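Here is what each chain is made of, one letter per residue.
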Protein chains: 4
Amino acid sequence: MEKHTKNTAILLMHCPDQKGLVAAVTDFLQNNNGNVLSLDQHVDRQADQFFMRVEWQLDDFAIPKDKIDDFFGTLIGRKFGMKWQLHFSNRTPRMALFVSKMSHCFYDILQRYNSGEWNVEIPLIISNHDNLKYIADPFNIPFHVFPITKENKAEQEAAEIALLRKHEIDFVVLARYMQILSDDFVDQFPNQIINIHHSFLPAFKGARPYHSAYKRGVKIIGATSHYVTADLDEGPIIAQDVASVSHKDDIHDLVRKGKDVEKVVLSQAIWLQLQRKVLPYANRTVVFD
Amino acid sequence: MEKHTKNTAILLMHCPDQKGLVAAVTDFLQNNNGNVLSLDQHVDRQADQFFMRVEWQLDDFAIPKDKIDDFFGTLIGRKFGMKWQLHFSNRTPRMALFVSKMSHCFYDILQRYNSGEWNVEIPLIISNHDNLKYIADPFNIPFHVFPITKENKAEQEAAEIALLRKHEIDFVVLARYMQILSDDFVDQFPNQIINIHHSFLPAFKGARPYHSAYKRGVKIIGATSHYVTADLDEGPIIAQDVASVSHKDDIHDLVRKGKDVEKVVLSQAIWLQLQRKVLPYANRTVVFD
Amino acid sequence: MEKHTKNTAILLMHCPDQKGLVAAVTDFLQNNNGNVLSLDQHVDRQADQFFMRVEWQLDDFAIPKDKIDDFFGTLIGRKFGMKWQLHFSNRTPRMALFVSKMSHCFYDILQRYNSGEWNVEIPLIISNHDNLKYIADPFNIPFHVFPITKENKAEQEAAEIALLRKHEIDFVVLARYMQILSDDFVDQFPNQIINIHHSFLPAFKGARPYHSAYKRGVKIIGATSHYVTADLDEGPIIAQDVASVSHKDDIHDLVRKGKDVEKVVLSQAIWLQLQRKVLPYANRTVVFD
Amino acid sequence: MEKHTKNTAILLMHCPDQKGLVAAVTDFLQNNNGNVLSLDQHVDRQADQFFMRVEWQLDDFAIPKDKIDDFFGTLIGRKFGMKWQLHFSNRTPRMALFVSKMSHCFYDILQRYNSGEWNVEIPLIISNHDNLKYIADPFNIPFHVFPITKENKAEQEAAEIALLRKHEIDFVVLARYMQILSDDFVDQFPNQIINIHHSFLPAFKGARPYHSAYKRGVKIIGATSHYVTADLDEGPIIAQDVASVSHKDDIHDLVRKGKDVEKVVLSQAIWLQLQRKVLPYANRTVVFD
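This one's a predicted model, so the numbers in the text were calculated from it and none came from an experiment.

S.K.: Would you explain the relation of the copies chain B and chain A in this entry?
M.R.: Mapping one chain copy onto the other needs a rotation about an axis and a shift along that axis. After a rotation of 180° and a shift along the axis of 0.0 Å, chain B superposes on chain A with an RMSD of 0.0 Å. Expressed as an axis order, the relation between the two copies is that of a two-fold axis. Relative to the rotation axis, the closest C-alpha in chain B is found at A203(B), a distance of 2.3 Å. Most of the interface of chain B is mirrored in chain A, where 100% of its interface residues again form contacts.

The following block contains the structure:
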């Protein structure tokens, strides 16, 4: 697959809804010779909030890349009370992977990474076990093992955070990482940690969701990718999907069928994140898909 | 569509798992010249329970219809500690409909009834309002209005039950009936009342599930048909289905999209019930589909 | 449900892609005090075409309703070589229904119409049989029967067209209408006739798709709503959906399961049409959903 | 995951429908102290054919393993004109993988193999390129490269077949293998070669289905796993699944989204094959799932 070498900028923004927001942004781009490639906007009438994602060609854009943020902030952003993010598509996002012992999401991510499906760098993998190290090795991605106990958790997390900072990680993916991150850890990466939960949230929060699903006798199971917040399994949902099950499926079957949903839903969330298409707001997400 | 005039018997049975169950039943049928049309069995290894549904041709069956239950019970059922139900497909099941003000499930059911899709009698409709009476009238189905207040609930339910008994109702369908039936009512119709809940249970139990779904920011909504038990929204699940939603959908959109799922899932449960394909056990169902 | 009384205008437009399109349109609205409620755009890179849907509040809009089309055309549309449609949301679209003998889509549509789910007028129903007249009667919608034979087809279609014109119909819905419209008929309503085909197009075009699906042994069946063109079952697709089937399903089961998909997919297409969210282009559709 | 060490036998059988089939088989098992673990039967009324899958415990079974086939054939099979297969679950099926340059199905299969999700041996991988060899190497599975040209095709296929015979392969999986096998090859492995076709068959047979799907403007794409027959993309379908697409998806997006469907559908077919749950008949399959 071709390398992703678009020379574009992407703005994600939100602010209280008000007149003239789209015109203001599109004028800013048009007046400076920025060709809009795609534009998506959304107004949440209940919250009275405006959301927008716009991507434009940088080739003939009059404002130098390193000044766009300042110009946009001064001319548009602060005027309308916006929060915004500016991304450049020729800067490859840097993602850290956290894994434990289950390999299905891990392989799925590595396959996409390796085949060029995603424009991403994976500078490091972190695990609380060394079980999956042999899978990472052929990809030449450093695999760091941080065993976690009650006693060493704070210390180990500090070391992990240091490593993430050192590698200038943009976001973290918990690919069935079986440890709960401390609030301190989570606070340092607001809406930058993507988890896959093996249930159709908000059903079956917490541990052993397939056992609970079996016990309840549901006919459909699911998986949910979401940003991690201090509130366990309560963060903004990015993507969900489901699979049919029947009385014939015991817990092992639910686990087996669930894995297929988990890996697809997690990779879908990563794809959206890499495309800068997710805008979390309150406890929800706007997904410009 | 052709009338359903199969001359068959259906046995639904369950008991502790043990050797020779299938052979015992199929021998019983074979020895008495009963041609098996379909046979489904299931063993729940966790509960160590055996479940089976078998349908056979009655035309040349050696045991007269009115003695089959006695013969089966004596020769097979009691020997293996079974619970069983015997149904004859040329007896049309009798279903009572409970409705309130929302018409989507109601129309859906009436269309299937009227077009001959289902082999069912609907001797009466019960509602706590008269809003939908005009819809029932062209079908010539008696529409009984029982307004419910805190004060008259026991009395009104007693009248409803009397009516159901008088009409020899086999099962009741709550087609978005917006009253909670009392435990007394429910106890009289164990696993004979089918409800449609407008969420993907066990998520969003109770009132206003679409509001809760909106608030949580889910990306998929669902509907669940289940047998009513004394425990609200906790009865055995018969069928579930889902629909995708996005940040663009406000609560009205969730309600609109949800209705399509509700009506299909409720009618699917009714279809399974009419085919004698559902066997509730503990708080789960075996659906021989 | 509340009546849909938004006072908004909707522009659907497309033209060869070029710089400044979004800015030009949003400036036009902003400069005339039109508050944008929603804006969706799409660029088809392969065809190098730009598509856009924008809806704005008319309350304080400086240009009178009856002049908007002229002003937009002069200031924007012709300048960029656009094709556009202008709609006002307080004008209720007028839809004609064509039916034959199958009632599932018909009921589904009438229920939505009657419950206020859709903002639509249905001034007339046309059928080649009178079988379903009794269903329409309680809704007080005139039901016109035009039996079609080889000999009278041209004449009958002319009468139908006259009726559609007289009632100022915006679009026609073929709700399992079992006649093929002549090219002459179709030509008079370009992209204004919505059909439901009972297969997952382009598989199983033409007659008896469920029989073909059964014969092929597929594990999934589907339905497709599309605009009718002179090329049978080849028009632009608006919506599709599917249902799982198995070896247990005979042709009757496929038909039964398929009906549920058909009615939901057809009603979804009608909903999109009523929202002015479908923009056909070449043999495809842009659906601003 | 635990090793699959059930000591059971599985019989798959089909024959013209007639009375007493189920009783005959279950008596045979019961009389010889074989505890039935699961039994599924199906009657195709149109073809008047009976199908059955039964699995039973071998521990106390009176007939020695190596004589079961003879006893069953003599006492039951030939009497009823059956075709049957006998499998033992403690014999691990042997699967050969054919790949070319695309790795998504390949990784997916290797992950399941490696994590113990499947009870399978993969004695060899065959490819017409060496591109994916480095992926197979860490798993220590011999990777044989057979470049195919028009000139050498017969010769190379003969070598491949020899290798498959030598390794006593039970079935072959084409994991996006981009060569069409000759009729001679296919004839040697009737219903033993599973292919994944990257469309929702029978739509878009042959080459470049995503391009065709894009051109047709479909709203749903799919994938189909099927047994390979001499008739290209026309063999018995084992499993299918779909994914939603929109006007926003260009061909690259269809390919990307399609890959997720392909790998899940192919692995689902392999799972069914390993469980001995698929019974092809005419050009259809009975899937005892």
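S.K.: Sorry, what's going on with the side chain of N128(D) here?
M.R.: All names here are of chain D. Along the chain, the position of N128 falls in the loop between β6 (121–127) and α4 (133–136). Taking relative accessible area as the criterion, N128 reaches 8% and is therefore assigned buried. Within the local environment of N128, its side chain forms a polar contact with the side chain of S100, the two groups lying 2.8 Å apart. With near-sequence residues (within four places) excluded, N128 lies in contact with V99, S100, V145, F146, P147, I148, Y177 and Q179.

S.K.: So what exactly am I meant to see when it comes to helix α5 (residues 153–166) of chain A here?
M.R.: Since there are 3.6 residues in each turn of an α-helix, residues three or four apart along the chain are aligned in direction. Residue and element names in this part refer to chain A. Its 14 residues give α5 an end-to-end C-alpha distance of 20 Å, which sits within 8% of 20 Å, the value for a rise of 1.5 Å per residue. Against the buried residues of α5 lie β5 (94–99), β6 (121–127), β7 (143–145), β8 (171–174) and α6 (183–188). Once α5 finishes, E168 follows within two positions and takes phi at roughly 50°, a positive value.

S.K.: I'm lost on the pairing of strand β2 (residues 36–44) of chain A in this one. Help?
M.R.: The side chains of a regular strand alternate, residue by residue, between the two faces of the sheet. Of all nine residues in β2(A), eight are buried, a share of seventy percent or more. Where β2(A) folds back onto strand β3 (residues 49–57) of chain A in an antiparallel hairpin, the turn is made up of four residues, including D48(A), whose phi is positive at roughly 55°.

S.K.: Whenever I open this one, empty space enclosed by the protein confuses me. Can you help?
M.R.: The method is simple in principle: a probe with the dimensions of a water molecule rolls over the atoms, and the space it marks as empty is what remains. Considering all chains together, one arrives at 19 cavities of 30 Å³ or more under this definition. Its volume calculated, the largest cavity comes out at about 130 Å³. As for the largest cavity, its lining consists of Y107(A), Y134(A), I135(A), P138(A), F139(A), Y107(D), Y134(D), I135(D), P138(D) and F139(D). For the lining of the largest cavity, the residue count by class is ten nonpolar, no polar and no charged.

Criteria and cut-off values
- Residues numbered from 1 in each chain as written.
- Chains lettered and ligands numbered in written order.
- Predicted model: local features only at pLDDT ≥ 70, side-chain atom pairs only at ≥ 80, totals over all residues.
- Heavy atoms only, no water.
- Least-squares fit on C-alpha atoms with pLDDT ≥ 70 in both.
- Contact = heavy atoms within 4.5 Å.
- Helix = DSSP H or I, 4+ residues; strand = E, 2+ residues; numbered from the N terminus.
- Buried < 20%, exposed > 50% of the residue type's maximum accessible area, 1.4 Å probe, protein only.
- Polar contact = N/O pair within 3.5 Å; in protein donor to acceptor, adjacent residues only side chain to side chain.
- Expected span 1.5 Å × (residues − 1).
- Pairing = 2+ DSSP bridges.
- 1 Å grid on protein atoms, 1.4 Å probe; cavity = no way out; pocket = protein on both sides within 12 Å on 5 of 7 lines; lining within 4 Å.
- Points joined across faces, edges and corners; volume = space filled by probe spheres on them.
- Nonpolar A, V, L, I, M, F, W, Y, C, P; charged D, E, K, R; others polar.

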